[in-house]
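Chain by chain, the residues:
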Protein chains: 2
Amino acid sequence: MPKQVDHEQRRRQISSALWRIAARRGLESVSMREVAAEAGMSVGLVQHYFASKEEMLAYTSTHLRERLEQRVRESIAALGSPATPGQRLRAMLVALLPTDPDSRDETLVGMALFIRALNDPALATRYRHGRTQLTTAVAAQLAECGVHGDGEVAADTLLALIDGLASDLLLGHHTPAQALRVLDDHLAKTTRPAIG
Amino acid sequence: MPKQVDHEQRRRQISSALWRIAARRGLESVSMREVAAEAGMSVGLVQHYFASKEEMLAYTSTHLRERLEQRVRESIAALGSPATPGQRLRAMLVALLPTDPDSRDETLVGMALFIRALNDPALATRYRHGRTQLTTAVAAQLAECGVHGDGEVAADTLLALIDGLASDLLLGHHTPAQALRVLDDHLAKTTRPAIG
DNA sequence: CTTTTTGCAATATGATTGTATGGTAACCGA
DNA sequence: TCGGTTACCATACAATCATATTGCAAAAAG
């Protein structure tokens, strides 16, 4: 057989082509042919790595999620070692916002896939688990900040706020600076009394 | 000609068929044939009232927006005449949340159309204007509550929160009761000191 | 050496898409 | 009553879709 190939890398390569198309022209423009062309390969090869379009979209969905988690980790790590819990919380939340072209594309496609998943119970369940994970992670950071009251409600509040700000950023209703102002304003009012 | 027909009513009827399909099986399942079948008419008749699919989607988008504004008005009106500014603000925000099957369907389709609009500059501009209108309206209600600080930031915070809560409701991460708890918690912390 | 197996492409298939066209029947204004 | 307009349907059309099939060349396995 021809030189052995890294399956996972090929899948990522195809998936990247997919969300480049989806980001530029929408999920509805994603077809086997378009993806193959963008990835610079034949339709048959795309089929070789993904049995169906559905499988390709599902893979992209988890791939995007992994990249998101990585961005969060990197954002926290970039703070350096002497960082306060409050700084880590903020870094985490900011990393969830689409503030540069790359994250903008990822968020845009992620939202399109999310909406799509709402009409499919199985997919929706996966997103629901992911969403619960996020709440848990944010609540943990909040606990380290020593906030008073129900940490889970506070975490859900923050994540809902982030989700809305993300939409506003994609729409162009906010600039990144404006979105950060809204976020910081909220953080100041809700966590500052406890952080001191 | 056959008995004169109310064009606007026909358009609404077709548009309703469209978002019934979109809510149940997603925007990607919306086709001329499906819409015609759901509306109980021929494809040709749908074409008679909408020159293109794009026009049909655009109409649905503004139709949904009108219904949203109407829900907000009704929600405020339902308070009765002796209502505090704080109650009016809350009624307005709650009306934006998908808390029953009908509003759930509308929000779901509205979000799908929103994501779609992000890849079309002209449509995005319309949504941006609508979003700005909302901020203005909420800021006005906030002003009546006599809040301190930047009313526009507070309004944008509230609307971003609502948007995120709407997503969480659609996903099933929150029940309506949970979403209201998050909203009320936030309102208490941000407006109560001023309302007294 | 064969003999598989594997990466990859070309093409076939049948369904579905948005839209265009041609028609029929009903009703209005003249 | 008659030309013209309108509501509506059936169907045709070319494009595009996801997927299945076939084939071939390269390299690993025997």
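Numbering of residues starts from 1 in each chain and follows the order in which that chain's sequence is written. Chains carry letters and ligands carry numbers; both start at the beginning, A for chains and 1 for ligands, and go up in the order they are written. Under the rules for a predicted model, residues below a pLDDT of 70 receive no local features and side-chain atom pairs below 80 are neither given nor counted, while totals for whole chains, interfaces and linings still include all residues. Excluding hydrogens and water, the side-chain figures rest on all heavy atoms present in the structure.

Under an unreviewed UniProt entry, the name given to chain A is HTH-type transcriptional regulator PksA, and the source organism is Acrocarpospora corrugata.

Visitor: What's the story with the overall build of chain A in this structure? I'm lost.
Guide: Helix numbers and strand numbers start at the N terminus; a helix is a DSSP run of H or I with at least 4 residues, a strand a run of E with at least 2. When its secondary structure is counted, chain A shows 9 helices and 0 strands. Starting at the N terminus and ending at the C terminus, chain A contains elements arranged as α-α-α-α-α-α-α-α-α. Principal-axis analysis of the C-alpha atoms gives chain A an extent of 65 × 35 × 30 Å. In chain A, buried positions account for 45% of the 196 residues. Contacts are assigned to residue pairs with any non-hydrogen atoms lying within 4.5 Å of each other. Residue pairs at least 24 apart in sequence account for 63% of intrachain contacts in chain A once pairs closer than 6 positions are excluded. In this description, accessible areas are obtained by the Shrake-Rupley approach with a 1.4 Å probe, and a residue is regarded as covered only by the protein chains that are shown. Summed over its atoms, the accessible surface of chain A is roughly 9500 Å², and 53% of this surface lies on carbon and sulfur atoms. In chain A, the 23 positive side-chain charges and the 23 negative ones have mean positions that sit 3 Å from each other. Here the term buried applies to any residue with accessible area under 20% of the maximum for its type, exposed to any over 50%, and partly exposed to those in between, with areas from a 1.4 Å probe on protein chains only. In this tally, Lys and Arg are treated as positive and Asp and Glu as negative; His is ignored, and so are the chain termini. Throughout, a charge is located at the NZ atom of Lys, the CZ atom of Arg, the CG atom of Asp or the CD atom of Glu.

Visitor: When you look at the UniProt feature "DNA-binding region" (unreviewed entry) in chain A in this model, what are you seeing that I'm missing?
Guide: UniProt positions are given in the numbering used here, feature names are shortened, and annotations may be inferred rather than shown by experiment. Residues annotated by UniProt as "DNA-binding region" (unreviewed entry) correspond here to residues 31–50 of chain A. For residues 31–50 of chain A, helix accounts for 75% and strand for 0%, while the C-alpha atoms at its two ends are 13 Å apart.

Visitor: In this structure, what is going on with the nonpolar core? I would like to understand it.
Guide: Across soluble globular proteins, nonpolar side chains show a tendency to be buried alongside one another. Within the largest apolar cluster, 118 residues are counted, with the highest numbers of intra-cluster contacts made by Leu93, Val138 and Leu183 of chain A together with Leu93, Val138 and Leu183 of chain B. Those residues within four positions of Leu93 of chain B in sequence are excluded, and the remaining contacts are Val138, Leu158, Ile162, Leu183 and Leu187 of chain B. Throughout this description, the term nonpolar core refers to a set of buried Ala, Val, Leu, Ile, Met, Phe, Trp, Tyr and Cys residues connected via side-chain atoms within 4.5 Å.

Visitor: Could you clarify how one ought to interpret the side chain of Thr60 of chain A in this entry?
Guide: Residue and element names in this part refer to chain A. Position of Thr60 relative to the elements: it lies in helix H4 (residues 53–77). Of note is the side chain of Thr60, whose polar atom sits 2.9 Å from the backbone oxygen of Met56. When residues no more than four places from it in sequence are discounted, the contact partners of Thr60 are Ser15, Leu18, Trp19 and Leu113. N or O atoms within 3.5 Å of each other form a polar contact, as long as, within protein, one can give a hydrogen and the other can take it, and as long as residues adjacent in sequence are counted only when both atoms are side-chain atoms.

Visitor: Just to check I follow, could you spell out the packing of H4 of chain A against helix H7 (residues 121–144) of chain A for this structure?
Guide: Angle between the axes and distance between the axes are the two parameters that describe a pair of packed helices. All names here are of chain A. In this analysis an axis means a line fitted to C-alpha atoms, helices contributing only their contacting stretch, and an angle means the value between N-to-C directions, from 0 to 180 degrees. Between H4 and H7, the shortest axis-to-axis distance is 12 Å and the interhelical angle comes to 5°. In terms of axis orientation, H4 runs roughly parallel to H7. Contacts between H4 and H7 involve Glu54, Ala58, Ser61, Thr62, Arg65, Glu69 and Ile76 from the first element and Leu123, Arg126, Tyr127, Gly130, Arg131, Gln133, Leu134 and Gln141 from the second. In this count, Pro and Cys sit with the nonpolar residues alongside Ala, Val, Leu, Ile, Met, Phe, Trp and Tyr, while Asp, Glu, Lys and Arg are called charged and the others, Gly among them, polar. Of the residues assigned to the contact of H4 with H7, the class counts are 5 nonpolar, 5 polar and 5 charged. Any angle that falls under 35 degrees is termed roughly parallel, while one over 145 is termed roughly antiparallel, one within 65 to 115 roughly perpendicular, and all others oblique.

Visitor: Teacher, can you tell me more about the interface of chain B and chain A here?
Guide: Often, the extent of an interface is quoted as the loss of accessible area upon association of its parts. Counting from both sides, the interface comprises 41 residues of chain B and, opposite them, 41 residues of chain A. In total, about 3300 Å² of surface goes out of reach between chain B and chain A, with carbon and sulfur atoms giving 62% of it. A salt bridge links Asp150 of chain B to Arg181 of chain A; the nearest nitrogen and oxygen atoms lie 3.2 Å apart. Remark: the boundary between chain B and chain A carries 18 residue pairs in polar contact (both at pLDDT 80 or more). Here's the idea: put two parts together, see how much 1.4 Å probe accessible area each one loses, and the total over both is what we call buried area. For this analysis, a salt bridge means a side-chain nitrogen from Lys or Arg found within 4 Å of a carboxyl oxygen belonging to Asp or Glu.

Visitor: Would you mind going over the pattern of salt bridges with me for this structure?
Guide: Think of it this way: side chains of opposite charge can pair up when their charged atoms draw near. Residues and elements named next belong to chain A. This structure, assessed with the given rule, holds 30 salt bridges over all chains. Here Glu54 and Arg116 are joined by a salt bridge, their closest N and O atoms 3.0 Å apart. Here Glu54, found in helix H4, pairs with Arg116, found in helix H6 (residues 101–117); they are 62 residues apart in sequence, far enough to count as distant. The structure contains a network of salt bridges with shared partners spanning Arg20, Arg24 and Glu38.

Visitor: I tried to follow the UniProt feature "domain: HTH tetR-type" (unreviewed entry) in chain A on my own but got confused; where do I start?
Guide: The UniProt record annotates "domain: HTH tetR-type" (unreviewed entry) at residues 8–68 of chain A. Strand forms 0% of residues 8–68 of chain A and helix 80%; the C-alpha atoms that close the span are 18 Å apart.

Visitor: What's the story with the relation of the copies chain B and chain A in this structure? I'm lost.
Guide: Two chain copies, one operation linking them: a rotation about an axis together with a shift along it. Copy-to-copy superposition: least squares on the C-alpha atoms, limited to residues that have pLDDT of at least 70 in both copies. Mapping chain B onto chain A is achieved by rotating through 180° and translating by 0.0 Å along the same axis, at an RMSD of 0.0 Å. Both chain copies can therefore be described as sitting about a two-fold axis.

Visitor: Could you clarify how one ought to interpret the environment of Arg116 of chain A in this entry?
Guide: Along the sequence, Arg116 of chain A and Leu27 of chain A sit 89 residues apart, while their C-alpha atoms lie 9.4 Å from each other. With sequence-adjacent residues up to four places away left out, Arg116 of chain A is seen in contact with Leu27, Glu54, Leu57 and Leu123 of chain A together with Glu28 of chain B.

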